[in-house]
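Coordinate inspection notes
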Amino acid sequence: MNGTKWMCLVCVMVCFAVVRAEEPEAIYKKGTAVYKSDPAAAFGFFLKAAEAGHVSAMTGAGYCLETGTGTAVDYAKAIEWYEKAAQQNSLKACEGLARIYASCDDPQFHDGEKAVKFASVVARGNPRDAEAHSLLAGAYVRNKEFRKAGAIARRALGAVTIKHEQKQRLLDLRMGKPHPSEASDVWIFQAAEKGSAWAMATLGRRHEDKQGKMYDLAKARFWYEKAALLDVAVAQYRLGVMYAKGIGVGEDKEKAFALLKSAFGQGCEEARLPLAEMYAEGAGVERDYREALKLYEGAAADGDQLAAKKAKDLKRFEDLFDKLENGSGESLYERGREYQTDRDGGKDVERALLCYQAAARQGFDKAMSALGGWYEYGYDGTRDLEKALHWYREAAAVGSGKAAMHAAGSASEIYAAGDDVSLHDGEQALKYARMYERMLTSSSYRYLANHYMAMAYARNGEFNDAVRCEEQAIRLYERTTSSGAYLSTLNMCLRLFEQGKPYVKSMPTRSVASSSNPLFAEAYQYYSGKGVSRNYRKALSLFLKAYESEKYSRTAYYIALMYSVGYGKVDKDIGQALAWYEKALAFDDGRYSAYAARQLGEIYSIYPESSYGNGALAVKYALIYESKMSERYATDNKKASGSIKIDYRISANLAMAYARNGQFDIAIEYQKKAIKLLDAQHENEGRKELKERLELYKQGQPFTRSGKEN
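Residues numbered from 1 in each chain as written. Predicted model: local features only at pLDDT ≥ 70, side-chain atom pairs only at ≥ 80, totals over all residues. Heavy atoms only, no water.

**Notes on the overall build of the protein**
- For the protein, the helix and strand inventory stands at 36 helices and 0 strands.
- Residues classed as buried in the protein amount to 49% of the 710 residues present.
- Of the roughly 35,000 Å² of accessible surface on the protein, a fraction of 49% belongs to carbon and sulfur atoms. (Helix = DSSP H or I, 4+ residues; strand = E, 2+ residues; numbered from the N terminus. Buried < 20%, exposed > 50% of the residue type's maximum accessible area, 1.4 Å probe, protein only. Areas by Shrake-Rupley, 256 points an atom, 1.4 Å probe, with all protein chains shown as cover.)

So this is what it looks like as structure tokens:
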């Protein structure tokens, strides 16, 4: 009996042991059963089974902790469970460890060597699995072994059937982009140095865009160049825009076009609109209106409103495409003249402009000269003396007849006496006045040659020569011309030169502010007090309405200026001023966007840090201003990096910005340059203030509103 009882007891104990041995598996299965419906309960079951030694449960608990499924994300605890399972040869656990070490969103857990170690185990165990290949490539990327990562990604792309998202990840990994892309700053810099195309492009973008001390256009270009050589589309796009606009680099339209075309060909949609504009303008490529229209319409189909407007505008001239693309320079010029003059009681200035532009791009000097006059006098309602100068210079350079001669004279006059004082340049005025004189074919224009020389000498500060030439101009005019219509102007100039003053040509009242927008013209009248009583509040109200009806940099600039100064009864509001200056800068369409950059740089430089002071932003905008103004002062638009006249104010603004940013050595050098430039221009006004600021910078102090200027 006792023996029977003993045997029963042994059987019960064995059965109990069997139940206990099976219990972790049962608990794990409970977890898998409720994983989707109740993740928190599933995590509890996995954890309980894992503590009892169940390997799959260890992996399940690790995955929940890694992904935040049913519990909070905890990479450290996930690693503990994965490592316990990996010690018992779990491939799933190795996969989890490789994922965390290679691509979790917390860089402190990244470990390239461990990622490679565990991913290699997974890849060996799953030789035909695309995810295993992707995981190993990602591990090599995290370990900065980009050649190995690229080789694995290429093999996987070529040999394994994969889903679209897996293919994209492999393409990213092939160019050294971790997945996900979280990475420490140190990793990104080291990765760029070791050949990661993605890291190169990322550094370039940070140096171009970041509002911190990393802002450096030269370094942005450096990293973009390296990434572009490795066919990184976004780097090619951004570098292309820099070359197209001359931002931080000399303008190079052909290089810009090649980069943008390559970027768009690789699927970079951002490159489509600037590429369309280059085709439309014939910049860096033969003008192709059809290709431009195709690109505009493609962008419009994706919801781009600007592209839709440009496509609509261009489509109106579709019947002209053949003539514009295939017509001779002379035929296009003559057709432009027909469109510009009355035809059945009307004009078609838009078609005239297109014809002149097409003829000018063929090198036809008459069309170039006509374009110079177009932009100087604003035949389509707007004036642009920069564009006028460009085409006058081009005509003078390629031609030898009357068109080239008059273009040289007009260029000289703008440089010497144009109403845009930022374009004044005595040396250039003399250069083109002498060119006009050399091209003379008729004695009836000799008086004009002397007049151009007189204005140029006056602008260059050589007033004795100016008086001599103007007196000769008057004698020749009286001798060769029966009409005395121009004599009063010549005599007025002579009086100015005798007083040691240069002449500035005034434009007709209709050209005030160079805008066809009647709201802007009315606003400017109240702003300037020309013809009406000055009323700044009314001017601001009208400027705001003008901007709503026609968004333009000049309008935004004047609105910003009124807020920044607080004219009359307009409340000063620096926050509003900054916002409007940014709008003016965004147009990137001439001197007012450049002036906006200057004002932004000054505000961020001179205000205390407690309000608007920001050294990094001050430097950013001062550099943009320098780039834009350098391009304006370039003697040859095709060689913008060559001989450039830099105004002392540009150097002074850079000095002020670098001082605000704490870079006093750079600030001192720029301030010395500003003083030297001022001395070379024989200007006394402002020299004392520049020297006072130089002393501040030497003492390690920025020039701010809370500083010495008060």
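Read on, since the account is not over.
**Section: the packing of aromatic side chains**
- Inspection of the entire model under this criterion finds 29 aromatic pairs.
- Where tyrosine 436 meets tyrosine 452, the ring centres are 5.0 Å apart and the plane angle is 85 degrees; that geometry is what we call edge-to-face. With tyrosine 436 in helix α24 (residues 426-439) and tyrosine 452 in helix α25 (residues 446-459), this residue pair connects regions lying 16 residues apart in the sequence.
- Taking relative accessible area as the criterion, tyrosine 436 reaches 0% and is therefore assigned buried.
- When the ring of tyrosine 558 is compared with that of tyrosine 592, the centres are 6.0 Å apart and the planes differ by 45 degrees; the resulting orientation is tilted. Highlighted residues: tyrosine 558 in helix α30 (residues 553-565) and tyrosine 592 in helix α32 (residues 591-606), separated in sequence by 34 residues. Note on accessibility: tyrosine 558 and tyrosine 592 belong to one class, buried. (Phe/Tyr/Trp six-rings, centres within 6.5 Å; stacked < 30°, edge-to-face > 60°.)

**What about the nonpolar core?**
- One finds Trp187, Tyr296, Leu324, Tyr436 and Phe497 to be the most contacted residues of the largest nonpolar core, which totals 158 residues.
- Here this core takes 10 residues from α25, the largest share from any one element.
- With residues up to four places along the chain from it excluded, the contact list for phenylalanine 497 reads Ala454, Met455, Ala458, Phe463, Ala466, Val467, Glu470, Pro502 and Tyr503.
- In terms of nonpolar packing, the next biggest core, distinct from the first, is built from 68 residues, Tyr563, Ala577, Leu654 and Phe703 among them. (Core = buried A, V, L, I, M, F, W, Y, C linked by side-chain atoms within 4.5 Å. Contact = heavy atoms within 4.5 Å.)

**A short note on the pattern of salt bridges**
- In the structure shown here, the tally under the stated rule is 14 salt bridges.
- The partner of lysine 29 in a salt bridge is glutamate 25, and the shortest N-O contact between them spans 3.9 Å. Of this pair, lysine 29 and glutamate 25 both sit in helix α1 (residues 2-33), 4 residues apart, which is roughly one turn of that helix.
- Accessibility expressed as a relative area gives 33% for glutamate 25, which makes it partly exposed.
- A salt bridge links arginine 272 to aspartate 302, with the shortest nitrogen-to-oxygen separation between them at 2.3 Å. Pair noted here: arginine 272 is in helix α15 (residues 272-281) and aspartate 302 is in the loop between α16 (289-301) and α17 (305-315), with a separation of 30 residues, a long-range link. (Salt bridge = Lys/Arg side-chain N within 4 Å of Asp/Glu carboxyl O.)

**Side note on the packing of α25 against helix α27 (residues 487-498)**
- One can describe the packing of α25 onto α27 by two numbers: an axis separation of 11 Å at closest approach and a directional angle of 30 degrees. Our classification of the angle between α25 and α27 gives roughly parallel. As α25 runs across α27, the sense of the crossing is left-handed. Residue-level contacts link Tyr447, His451, Ala454, Met455 and Ala458 of α25 to Leu490, Cys493 and Phe497 of α27. (Axes fitted to C-alpha atoms, helices over the stretch in contact; angles between N-to-C directions. Parallel < 35°, antiparallel > 145°, perpendicular 65-115°, else oblique. Left-handed = near helix turned anticlockwise from the far one by under 90°.)

**Overview of helix α29 (residues 536-549)**
- Taking 1.5 Å per residue, 14 residues should reach 20 Å; α29 reaches 20 Å between its end C-alpha atoms and fits that length.
- The backbone nitrogen of arginine 537 lies 3.3 Å from a side-chain oxygen of the residue at the head of α29, namely asparagine 535. (Expected span 1.5 Å × (residues − 1). Polar contact = N/O pair within 3.5 Å; in protein donor to acceptor, adjacent residues only side chain to side chain.)

**Let's talk about helix α7 (residues 130-142)**
- In a regular helix each residue adds 1.5 Å, so 13 residues correspond to 18 Å; α7 covers 18 Å between its end C-alpha atoms and thus fits that length.
- Of all 13 residues in α7, 12 are buried, a share of seventy percent or more.
- One or two positions beyond α7, positive phi appears at lysine 144, with a value near 60 degrees.

**Brief notes about the confidence of the model for the protein**
- The predicted model of the protein averages 81 in pLDDT, with 83% of residues at 70 or higher.
- Here residues 634-645 is a poorly scored stretch, pLDDT under 50, and it has 19 contacts once near neighbours within four places are set aside; other chains count.
- Counted against residues more than four places away or in other chains, residues 706-710, with its pLDDT under 50, gives 6 contacts. (pLDDT = per-residue confidence, 0-100.)

**A short note on unusual backbone geometry**
- Phi angles above zero are rare outside glycine, and asparagine 89 is one such case at about 65 degrees.
- As for its placement among the helices and strands, asparagine 89 is situated in the loop between α4 (75-86) and α5 (91-103).
- Its identity is not glycine, yet aspartate 231 carries a phi of approximately 65 degrees, on the positive side.
- Classification of aspartate 231 as partly exposed rests on a relative accessible area of 47%.

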